Each structure stands twice: as C-alpha cells, then as structure tokens.
Amino acid sequence: MTSSCANHSLKLIFRQLFEKESSTYTYLLADALHPQKPALLIDPVDKTADRDLALVKELGLKLIYAINTHVHADHVTGSGLIKTKFPGVKSIISKASNAKVDLFVEPGDKIYFGDIFLEVRATPGHTLGCVTYVTGDGPNQPQPRMAFTGDTLLIRGCGRTDFQGGSSDKLYDSVHSQIFTLPKDALVYPAHDYKGFTVSTVGEEMLYNPRLSKDKETFKKIMQNLNLSYPKMMDVAVPANMVCGLQETKSEAC
C-alpha cells in the first residue's frame, strides 16, 4: 500500500507506506528537482523492504539513507537488508540509541538529501534514543513542515514509556518542547497507527490528543495506568535492531 498524503511541493517526492502486521509507517522522501533524485527511507521494515526498494526503482530515485527514529521493539528494521541490496545506502540512527550504524546523528544535525534536509530533534521518553526528524525551515524547503515523530507522538496518542529506558516525564517534555513548538500547520507523521489515521497536525494534537493535551501530572497518571502487555516481538526485534536488523553483523557499522 502506498499513498501520497499531500502535495507538499513540486520539489519533494513523498510516499507513505504501511506494514500491516506491526502497523508501521515507512516514509520515502526524495528531492525531485535534483539531477540524481536522492532519497531516504524513514523507519523501513524488513518484511516490506523489497516493496520499498521496488518503488525507489520505479520512481527513478537514488536511495542514499535508511534512517530510524529509534530502536523499535515491535518489528525488525529493514535498514540492514536494504544495505545488502543497495550497498551505497548508509544507515542512520541517533547516537543516544547506542545501536550499530553507519552514521550517528545528534540534536541539531541536518540530514541532507539533495537540497532538502531533515533537522534532528531529540525526543526521548518512549526510549532514551528517540528522535523526531523535521523538514527544514526555509524558502527552498517543503511547506508545510513535516515532523516524523516515531513513537514519541502518535495520532491522538503516544508511545508507551514503561521499557527501554522510557520515561513519561521525559516524553511529555519532549513533545511540548520539540514538537508542539513547531507551526500549528506542521504535519505529524508517526511511526505507527492502529486506528487507520495517516496524518495529523501539530495544532490538532495540541487540542485533541487525549494524553498530551493534559497537564504533566495527569499525563503521567494516564501512562502509569495503561497496563499494557509485553511486546510480543520485543525479544527478537530489539537485539536485531541494535545491529540494523542483521544479527549476524560483525562489523562496527552495519
């Protein structure tokens, strides 16, 4: 399944893709006006890597990065598999995640693909290493801005905070300081959705998110009483995702 959710600009090629077993969204972005059409994938899944790479080929793009918002616990990343099929691709994750990767990013870094860039914002809380990737602010960047929030901010929800160094206190602060400070028309694209939503806006989530529109103490009480079951894929996914999804990886970079 692919869908183009908005005509952000003629400059940006954008596709939202879905993996149904883990309800994961993968995002394909590319600079349409650059001669090589450089592209990146955000939060690829191993089970749909072939589909995503076929789309890259069909659109005539040059995939340069496979990036993750965090070390996922509910699916195995497709980054390592993609690298075996497209050897020039570099894997990216936050330095705070402590996973093996080609390139670490830290808050304030910019990831360029052609003349378009993503800004890295630290948004810990679901895990210690969570980051949000935000399209750049400037006359030559796509508008409205787009925030790829991983599990930090979901549409009318948020990621759990009870494992992998999670903290409801940190997640609340992350969302309010790093995401809710974006323009209200900025588009929110999460790593998952379980109810069929595809996109939201910062303004919508500030008003209607049943958890994060509350004060911090109320939010913390909500998170303490979720009583969620242990993630069924966690014992497989986390060790694999610490090495780009390829557990047999022996090198420092994957």
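Since this is a predicted model, take the numbers as computed values, not measurements.

### Section: the packing of aromatic side chains
At step 1: Per the counting criterion, the structure on display carries 10 aromatic pairs.
At step 2: Between Phe-14 and Tyr-189 the ring centres are 4.9 Å apart and the planes differ by 50°, which places this aromatic pair in the tilted class. Linking Phe-14 in strand E2 (residues 12-19) with Tyr-189 in strand E12 (residues 187-190), this pair joins segments that are 175 residues apart in sequence. There is no split in this pair, since Phe-14 and Tyr-189 are both buried.

### Points about the UniProt feature "domain: Metallo-beta-lactamase" (unreviewed entry) in the protein chain
At step 1: Following the UniProt record, the feature "domain: Metallo-beta-lactamase" (unreviewed entry) maps to residues 23-192 here.
At step 2: Taken end to end, residues 23-192 has its terminal C-alpha atoms 5 Å apart, with 17% of it in helix and 31% in strand.

### A closer look at helix H5 (residues 216-224)
Since the α-helix packs 3.6 residues into each turn, any two residues three or four apart lie on the same face.
At step 1: Among the residues making up H5, those that are buried are Phe-219, Lys-220 and Met-223. Along H5, the residues classed as buried sweep out an arc of 100° about the axis, all on the same side. Residues of H5 that are exposed and point more than 90 degrees away from the buried face comprise Lys-221 and Gln-224.
At step 2: Residues of H5 that are buried in the fold lie against helix H3 (168-179).
At step 3: Between the side-chain oxygen at the start of H5 and the backbone nitrogen of Glu-217 there is a gap of 3.1 Å, and the oxygen is on Asp-215.

### Remarks on the pattern of salt bridges
At step 1: Under the counting rule described, the total for this entry stands at 14 salt bridges.
At step 2: With its nearest N and O atoms 3.5 Å apart, the salt bridge here joins Asp-31 to Lys-11. Separated by 20 residues along the polypeptide, Asp-31 in strand E3 (residues 24-31) and Lys-11 in the loop between strand E1 (2-3) and E2 bring together distant segments of the chain. Residue Asp-31 shares its accessibility class with Lys-11, and that shared class is buried.
At step 3: Taking the shortest distance from any N to any O, the salt bridge between Lys-83 and Asp-102 comes out at 2.7 Å.

### Describing the side chain of Ser-97
At step 1: Tracing the sequence through the fold places Ser-97 in the loop between strand E6 (90-94) and strand E7 (103-105).
At step 2: Take Ser-97: its relative accessible area is 10%, and that puts it in the buried class.
At step 3: Those residues in contact with Ser-97 that lie beyond four places of it in its chain are Val-71, Gly-129 and Met-242.

### A closer look at the sheet that holds strand E10 (residues 131-135)
Sheet strands pair via backbone hydrogen bonds, and the direction of the pair is either parallel or antiparallel.
At step 1: Reading across the sheet, the 6 strands line up as E8-E9-E10-E11-E12-E13 and stay open at both edges, with mixed pairing between neighbours. Edge positions in the sheet fall to strand E8 (110-113) and strand E13 (200-201), since each of these pairs with one other strand and no more.
At step 2: Here 2 bridges tie E10 to strand E11 (residues 146-150), and the two strands are oriented antiparallel to one another. Within the sheet, the bridge partner assigned to Tyr-133 lies in E11 and is Phe-148.

Here is what the cut-offs are and how they apply
Residues numbered from 1 in each chain as written. Predicted model: local features only at pLDDT ≥ 70, side-chain atom pairs only at ≥ 80, totals over all residues. Heavy atoms only, no water. Phe/Tyr/Trp six-rings, centres within 6.5 Å; stacked < 30°, edge-to-face > 60°. Helix = DSSP H or I, 4+ residues; strand = E, 2+ residues; numbered from the N terminus. Buried < 20%, exposed > 50% of the residue type's maximum accessible area, 1.4 Å probe, protein only. UniProt positions renumbered as here; feature names shortened; annotations may be inferred. Arc of directions from axis to C-beta. Contact = heavy atoms within 4.5 Å. Polar contact = N/O pair within 3.5 Å; in protein donor to acceptor, adjacent residues only side chain to side chain. Salt bridge = Lys/Arg side-chain N within 4 Å of Asp/Glu carboxyl O. Pairing = 2+ DSSP bridges.

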